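Residues per chain, in single letters:
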Amino acid sequence: MTSALEKNRPGAAFAFDNSYAGLPQRFFAPQAPTPVAEPWLIKLNEPLAEELGLDVEVLRRDGAAIFSGNLVPEGALPLAMAYAGHQFGGFSPVLGDGRAILLGEVVGRSGKRYDIQLKGAGQTPFSRRGDGRAALGPVLREYIISEAMFALGIPATRALAAVTTGEPVYREEVLPGAVFTRVAASHIRVGTFQFFAARGDAEGVRALADYVIDRHYPELKEAENPYAALFEAVSERQAALIARWLHIGFIHGVMNTDNMTVSGETIDFGPCAFMDIYNPSTVFSSIDHHGRYAYANQPAIGQWNLARLGETLLPLIDADQDSAVDKANAVIRAYGERFQAHWLKGMRAKIGLEGEEDGDLELVQALLALMQAQGADFTLTFRRLSDLAGDDAAEPGFATSFREPDSSGEWLARWRGRLSCDPQTAAGRAAAMRSVNPVFIPRNHRVEQAIEAAVESADFSLFEALLKVLAKPYEDQPSFAAYMEPPKPNERVLQTFCGT
């Protein structure tokens, strides 16, 4: 048994149980974090720390040192992971963790395994002339968005901590440095498989696939063809994930293959953003010059990325290449049906439908077309529709979502007619709709305001307030009513930036 003295040693907060470090050396590069000058703990996610089975008291005391990389906890095996990837369609055979260092893995109270990773912890062999550091703004953005995604019920990496470094980073301007601590089911990406496949390293691909099955899909060990089953399982998770992105108006911004996890979690919140006015062609990322990763393109990009994963798995799926291609193509074709089923199921829930009717897809599409034509706010339109559920009385909130309030009358009549065929009670329908249509999302202008206050004035009060309201996105919070409002014209954020 661990003694109190031993438990309270600096850095003894983690009970590491590392498995990735046991893979062959070519999977990663051992790399210690680079110490920083004056670390200061901005935020410790204490509920998450408790869930991970960490010693919160030790983290309160030593968190600045641990989460900055100045103090490597006992049992950690810090490393930078190797991976490749298609970036905006162009293949880079070597990417890897250029500013991220995996400290190790812990097994949480639920029995699930999690990676603990520092972002902005210094140069690695994969830094490609970069400084390996992170600026404060991108660190706060990732903290806000990842925790908002969790509260919204979307599979995503989590934020454990954020620290400032007391050192500047040099981008277009001099900015305060920071380090972000990310928690993930794992950091294995489509690009990780591509790294080995691009080198003709068949054994590397097999070892990685076996590791992924053991860690994320152990039920597939007994499958007739475990590698084909793995491809199908990853496809299913990605179809479900991207559908859920669309349900909340989320735009990832950089859906490169090195930003798609095989675990099915959303990862890397660089230039991501939430849509205000509904428009399927919306793009925020400053580096997405041609709209490759626009809101409406995300499902097809998911399929394209999965095709790249399938290419790496072909030798494992079947020794006969033609047969392997046929089996992989079947999974890729089925992705479209999987996505459509997840998307339509979620959209039915958003408009209050429990049962299924043939005209439901057209009813949803008609609402979206009306929203686009009338410049309606995506989030508020659905939330206000929740207030109308099962009620024939006029309610001005929904109509005022549109530039021409009267334009919604015809669609509302069709919707009410459809509700009359649905089995839910009015009260049950309204409650169900409110559980999937959030009041609060990380509005881009609010995120930028919080970042600006922190960067310019070391004022983290807006950051803290935003985290508080976003922790309960489906609840009416009268004291935070202003946070539900769309931006005024002069507050609109038209571009977001990667932050690297």
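Please read all numbers here as calculations on a predicted model, not as lab measurements.

## Remarks on the UniProt feature "active site" (unreviewed entry) in the protein chain
Cross-referencing UniProt, the feature "active site" (unreviewed entry) maps to Asp258 in the present numbering. Considering the arrangement of structural elements, one finds aspartate 258 in the loop between strand 11 (250-251) and strand 12 (273-274). Residue classification places aspartate 258 among the buried positions, given a relative accessible area of 7%.

## Topic: helix 16 (residues 461-470)
If you check which residues of helix 16 are buried, you get Phe463, Ala465, Leu466, Leu467, Val469 and Leu470. Where helix 16 is buried, its residues touch strand 2 (40-44), helix 4 (136-152) and helix 15 (444-457).

## What to know about empty space enclosed by the protein
Within this structure, the stated rule accounts for four cavities of 30 Å³ or more. Put simply, the largest cavity is a space of about 40 Å³. Lining the largest cavity are Gln238, Trp245, His252, Met255, Asn256, Asn259, Met260 and Asn305. In terms of residue class, the lining of the largest cavity is built from three nonpolar, five polar and no charged.

## Quick look at the pattern of salt bridges
One pass over the structure, following the stated rule, counts 32 salt bridges. Between aspartate 268 and arginine 189 there is a salt bridge, with its nearest N and O atoms 3.2 Å apart. Of the two residues, aspartate 268 is situated in the loop between strand 11 and strand 12 and arginine 189 in the loop between strand 10 (174-184) and helix 5 (190-197); the sequence distance between them amounts to 79 residues. Per residue, the accessibility class of aspartate 268 equals that of arginine 189, and both read buried. Residues participating in the shared-partner salt-bridge network are Asp17, Glu105, Arg113, Asp115 and Arg215.

## Notes on the confidence of the model for the protein chain
Regions with low pLDDT carry predicted coordinates that are not meant to be interpreted in detail. Residues at a pLDDT of 70 or more form 96% of the protein chain, whose mean pLDDT is 94. Under a pLDDT of 50 for its full length, residues 1-11 has, in the predicted model, 20 contacts with residues more than four places off or in other chains.

## Remarks on the packing of aromatic side chains
Tallying each qualifying case throughout the model produces 23 aromatic pairs. An angle of 50 degrees between the planes, with centres 6.3 Å apart, marks the rings of tyrosine 20 and phenylalanine 28 as tilted. Like phenylalanine 28, tyrosine 20 is buried. For the ring pair phenylalanine 480 and tyrosine 483, a centre distance of 5.6 Å and an interplane angle of 75 degrees mean the geometry is edge-to-face.

Reading guide: rules and limits
Residues numbered from 1 in each chain as written. Predicted model: local features only at pLDDT ≥ 70, side-chain atom pairs only at ≥ 80, totals over all residues. Heavy atoms only, no water. UniProt positions renumbered as here; feature names shortened; annotations may be inferred. Helix = DSSP H or I, 4+ residues; strand = E, 2+ residues; numbered from the N terminus. Buried < 20%, exposed > 50% of the residue type's maximum accessible area, 1.4 Å probe, protein only. Contact = heavy atoms within 4.5 Å. 1 Å grid on protein atoms, 1.4 Å probe; cavity = no way out; pocket = protein on both sides within 12 Å on 5 of 7 lines; lining within 4 Å. Points joined across faces, edges and corners; volume = space filled by probe spheres on them. Nonpolar A, V, L, I, M, F, W, Y, C, P; charged D, E, K, R; others polar. Salt bridge = Lys/Arg side-chain N within 4 Å of Asp/Glu carboxyl O. pLDDT = per-residue confidence, 0-100. Phe/Tyr/Trp six-rings, centres within 6.5 Å; stacked < 30°, edge-to-face > 60°.

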